[in-house]
Amino acid sequence: MAVMTPETLTVQCCIAGGGPAGMMLGLLLARAGVSVIVLEKHQDFLRDFRGDTIHPSTLEVIHELGLLDRLLGLPHQKVRKMRAQFGDLALTVADFSTLSTQCRFIAFMPQWDFLNFLAEEGKQYAAFHLRMQAEVIDLIDEAGSIVGLHARTPDGPLEVRAALVVGADGRHSVVRARAGLAVEEFGAPMDVLWFRLSRHLGDPTEPFARFDQGRIFIMLYRGEYWQCGSVIPKGSLDQIRARGLPAFRETVAQLSPFVADRVSELKDWEQVKLLTVQVDRLQQWFRQGLLCIGDAAHAMSPIGGVGINLAIQDAVAATNLLAVPLREDRLTLDDLRLVQARRAWPTNMTQRVQLMVQNRIIKRVLGSSAPLQPPLGLRLIVRFPLLSRFPARMIGMGFRPEHVRTSVV
Ligand SMILES: Cc1cc2nc3c(=O)[nH]c(=O)nc-3n(C[C@H](O)[C@H](O)[C@H](O)COP(=O)(O)OP(=O)(O)OC[C@H]3O[C@@H](n4cnc5c(N)ncnc54)[C@H](O)[C@@H]3O)c2cc1C
């Protein structure tokens, strides 16, 4: 049997995973003069729906990089308010137009467009390298330090040696598993079924969430179609499927009457994708020579749709703290510790709020068979609309918005 000699590369930083965290980190480090390679296992960025939100804090980062006009030149929708209906009570839960930032809206843009954009911008820098179809399979551990990784590519094995390996390979991270980093699981009472329905002229344009006895339904305006999410009790997909597609269509039509005329577009369960909700985080995000960021360090609940935002913020913070030590070949464990110290608080706070909403609201709604009484927080927002600034701040900016502190080298 022929054994292929691996192709070997040496860089200062090797990033596993070309999602929002990995691509933003690759761009920022290369811009700061650090030689970097991003390894992405897929052939392209075209994937199933996995969140299309670019939050005001991410747009602020893009603005700080001088790329805002270029990004907003791509097709997108601007969302300034998030609305919800809880039982009979309809309200604006978050009003982004009140934020004091460059962009007072969430830009909805297909994630692949955003990732392609980051890849194109990264290529402006000689220090930036991106390898598609490169699947990370293992780490290189020498005397307890991570000094690189092994990947599989269509051309054969690839070995990358680096002062720092970053696990940005999402919530099923191979890097964090191979590094043996301990994960704390928080559980979730729900899963989400995602599917599309066409959008018709005259439909509303704002995202919308409906909470009714035993049911939660979300609709995100995506230009020509609606990205719809049906929140279901965890593990109940088989029961829902057993009741049949007509019953599922009818539930959708009841929760969102204006799409009743097009639920027939759902012809097969194949069109309905399951997101298994998972909330967890690493106790320690790093080891000698290795750091995890984004979902690989902390898988977020979909509540508030903030996972992409946190992933980007981690990348910005990591660059601010690591670019100089990496460029000067003097990276230490303490530098990696500082990244976790910087990002742990906003991550923990966000997850704490998400778990509170999951356990106090989502669980109650999904388990109820009687008409719903809106929670106190929502009743207060109806009474004092200015309070919708707080959810807008939390969703739009997060607990500790990061700013680009590095310059082009
Ligand atoms: C259905 C769905 C809807 C969501 N909706 C929203 C939303 O509306 N707003 C929001 O903010 N967040 C949303 N999220 C969460 C959001 O997608 C994540 O929080 C965010 O993408 C995390 O970014 P990341 O870069 O850390 O990880 P990911 O986006 O998961 O990126 C990881 C990348 O690593 C690659 N990869 C994985 N393993 C390997 C390997 N071994 N080798 C090489 N590459 C590898 C993957 O292909 C992927 O490209 C949603 C998620 C899902 C699944």
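Described in the following lines is the structure provided in the data block. (Residues numbered from 1 in each chain as written. Predicted model: local features only at pLDDT ≥ 70, side-chain atom pairs only at ≥ 80, totals over all residues. Heavy atoms only, no water.)

Looking at the sheet that holds strand β16 (residues 225-233)
Then, in step 1: Strands sit in the order β6-β5-β14-β15-β16-β13-β17 across an open sheet of seven strands; the sheet is mixed. Looking at strand neighbours, the two that pair on one side only are β6 (89-95) and β17 (273-275), the edges of this open sheet. This sheet shows a mean twist of 20° between the axes of neighbouring strands, independent of strand direction.
Then, in step 2: Examined bridge by bridge, strand β5 (residues 81-86) and strand β14 (residues 208-212) share four bridges and lie parallel to one another. Pairing of Q85 across the sheet is with R210, part of β14. (Pairing = 2+ DSSP bridges. Helix = DSSP H or I, 4+ residues; strand = E, 2+ residues; numbered from the N terminus. Axes fitted to C-alpha atoms, helices over the stretch in contact; angles between N-to-C directions.)

Regarding the site of the ligand
Then, in step 1: As a structural note, the neighbourhood of the ligand is formed by 30 residues, with E40, R50, D295, G305 and I308 the closest of them.
Then, in step 2: Take H42: an N or O atom from its side chain is 2.9 Å from an oxygen atom of the ligand.
Then, in step 3: Considering the ligand on its own, with 990 Å² of exposed area, one finds that the protein chains cover 89% of that surface.
Then, in step 4: If you list the elements that add at least two residues to the shell around the ligand, you get α1 (20-31), β2 (36-40), β9 (135-142) and α8 (307-327).
Then, in step 5: Sorting elements by how many residues they give to the shell around the ligand places α8 first, with three residues.
Then, in step 6: Classifying every residue of the shell around the ligand by side-chain character gives 13 nonpolar, ten polar and seven charged. (Near = heavy atom within 4 Å. Polar contact = N/O pair within 3.5 Å; in protein donor to acceptor, adjacent residues only side chain to side chain. Areas by Shrake-Rupley, 256 points an atom, 1.4 Å probe, with all protein chains shown as cover. Nonpolar A, V, L, I, M, F, W, Y, C, P; charged D, E, K, R; others polar.)

Regarding the sheet that holds strand β4 (residues 77-79)
Then, in step 1: Strand order across the open sheet formed by three strands is β3-β7-β4, with antiparallel pairing between neighbours. Strand pairing shows two members of the sheet lacking a second neighbour, β3 (53-54) and β4, which therefore form its edges.

Considerations on the side chain of S173
Then, in step 1: Among the structural elements, S173 can be located in the loop between β11 (156-167) and α5 (174-179).
Then, in step 2: Separated by 3.2 Å, the side chain of S173 and the backbone nitrogen of V175 make a polar contact.

Quick notes on the side chain of R176
Then, in step 1: Secondary-structure assignment places R176 in helix α5.
Then, in step 2: Side chain to side chain, R176 and D280 meet in a polar contact 3.0 Å long.
Then, in step 3: Setting aside residues no more than four positions away along its own chain, R176 makes contact with R171, L181, V183, Q278, D280, L282, C292, D295, A296 and A297. (Contact = heavy atoms within 4.5 Å.)

A few points about the pattern of salt bridges
Then, in step 1: One pass over the structure, following the stated rule, counts 19 salt bridges.
Then, in step 2: R210 is the partner of D212 in a salt bridge, and the nearest nitrogen-oxygen pair spans 2.8 Å.
Then, in step 3: Looking at D212, the relative accessible area reads 14%, which means it is buried.
Then, in step 4: For R210, a relative accessible area of 13% corresponds to the buried category. (Salt bridge = Lys/Arg side-chain N within 4 Å of Asp/Glu carboxyl O. Buried < 20%, exposed > 50% of the residue type's maximum accessible area, 1.4 Å probe, protein only.)

Examining helix α4 (residues 111-122)
Then, in step 1: With twelve residues, α4 extends 16 Å between its outermost C-alpha atoms, agreeing within 8% with the 16 Å of an ideal straight helix rising 1.5 Å per residue.
Then, in step 2: Residues of α4 that are buried include every one of Q111, F114, L115, F117, L118, A119, E121 and G122, and no others.
Then, in step 3: Contacts from the buried residues of α4 go to α1, β3, α2 (56-64), α3 (68-72), β8 (128-132) and α8. (Expected span 1.5 Å × (residues − 1).)

Note that all results are geometric; they support no functional claim without further evidence.
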